[in-house]
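# Commentary on secondary and tertiary structure
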Amino acid sequence: NAGVTQTPKFRVLKTGQSMTLLCAQDMNHEYMYWYRQDPGMGLRLIHYSVGEGTTAKGEVPDGYNVSRLKKQNFLLGLESAAPSQTSVYFCASKGLVYADTQYFGPGTRLTVL
Amino acid sequence: EDQVTQSPEALRLQEGESSSLNCSYTVSGLRGLFWYRQDPGKGPEFLFTLYSAGEEKEKERLKATLTKKESFLHITAPKPEDSATYLCAVQADGSQGNLIFGKGTKLSVKP
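Below is a short write-up of the structure. These numbers come from a predicted model, not from an experiment.

Calculation criteria
Residues numbered from 1 in each chain as written. Chains lettered and ligands numbered in written order. Predicted model: local features only at pLDDT ≥ 70, side-chain atom pairs only at ≥ 80, totals over all residues. Heavy atoms only, no water. Helix = DSSP H or I, 4+ residues; strand = E, 2+ residues; numbered from the N terminus. Rg over C-alpha atoms; globule rule 2.2 N^0.38 Å. Buried < 20%, exposed > 50% of the residue type's maximum accessible area, 1.4 Å probe, protein only. Contact = heavy atoms within 4.5 Å. Areas by Shrake-Rupley, 256 points an atom, 1.4 Å probe, with all protein chains shown as cover. 1 Å grid on protein atoms, 1.4 Å probe; cavity = no way out; pocket = protein on both sides within 12 Å on 5 of 7 lines; lining within 4 Å. Points joined across faces, edges and corners; volume = space filled by probe spheres on them. Nonpolar A, V, L, I, M, F, W, Y, C, P; charged D, E, K, R; others polar.

When helices and strands are counted, chain A shows 0 helices and 11 strands. Its C-alpha atoms give chain A a radius of gyration of 13 Å, within 12% of the compact-globule value 13 Å for 113 residues. If you line up chain A on its principal axes, its C-alpha atoms span 40 × 30 × 25 Å. Relative to its 113 residues, chain A shows a buried fraction of 50%. When contacts within chain A are restricted to residue pairs at least 6 apart in sequence, long-range pairs at least 24 apart make up 55% of them. Summing over all exposed atoms, chain A offers an accessible surface of approximately 5,400 Å²; the carbon and sulfur share of this is 53%.

Okay, here's the thing in structure tokens:
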């Protein structure tokens, strides 16, 4: 039982390049989330999904797109990376139970030059 | 606007010196308050969920309490391995399970 995994762990991009971050969970969770964490800002929600085939915007969605084609996977895309997207990205998932716990992945450290 | 404020931003303790971390929150209706621990370079690790005022939960040297406006994470006789950033988050009624996080308290415990 691996929990929540993220690929890749580190990535360096040049401004304007695109990339996709992959999140996978093996807990059969319905809900999945993408956050970014910046120094002094705390964790901020980018996008989330309440089930396979659904996505919704969070607090800071601009510049990102997401897809949830399979229940266990949640993809975060950057179409044209900008230096302001340099951050650590965390994926999380949770079940359907009332106020269920979100479980986090290990993170992806992204640098945009 | 739903909001979470944690204090202090950083706390330095000597081994064995007990203290408390504070999490103040403003939320339309509280569904749950969560405490996480985060080590450098790692993802947040779940510690506790509190649902209603007056509730308390304990785990080893940690005890979390909840009132209608704030939560405390009490650390009794801390050890160096308790050094980490502690995050507080709230889930509001009507949210899609979304959490609002505070900025965290960085705890350092010196031997």
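Now that the structure is up, let's keep going.
Pro8 of chain A follows Thr7 of chain A through a cis peptide bond whose omega is -5 degrees. Residue position: Pro8 of chain A is located in the loop between strand S1 (4-7) and strand S2 (10-13). The omega angle of the peptide bond from Ser7 of chain B to Pro8 of chain B is -10 degrees, so this bond is cis rather than trans. Counting through the fold element by element, Pro8 of chain B comes out in the loop between strand S1 (3-7) and strand S2 (10-14). Non-glycine residue Glu60 of chain B carries a positive phi angle of around 55 degrees. The topology assignment puts Glu60 of chain B in the loop between strand S6 (56-59) and strand S7 (62-66). The exposure class of Glu60 of chain B is exposed, given its relative accessible area of 70%.

Our next topic: the layout of surface pockets. By volume, the largest pocket amounts to about 930 Å³. Here the residues of the lining of the largest pocket sort into 12 nonpolar, 18 polar and 8 charged. A volume near 510 Å³ is recorded for the second largest pocket. Lining the second largest pocket we find 22 residues, and of these Glu59 of chain A together with Glu1, Asp2, Ile100 and Phe101 of chain B sit closest to its centre. Elements with a contribution of two residues or more to the lining of the second largest pocket: strand S5 (42-49) of chain A together with S1, strand S9 (84-92) and strand S10 (99-101) of chain B. Of all the elements, S5 of chain A adds the most residues to the lining of the second largest pocket, at 4 residues. Looking at the lining of the second largest pocket residue by residue, the classes come out as 10 nonpolar, 7 polar and 5 charged.

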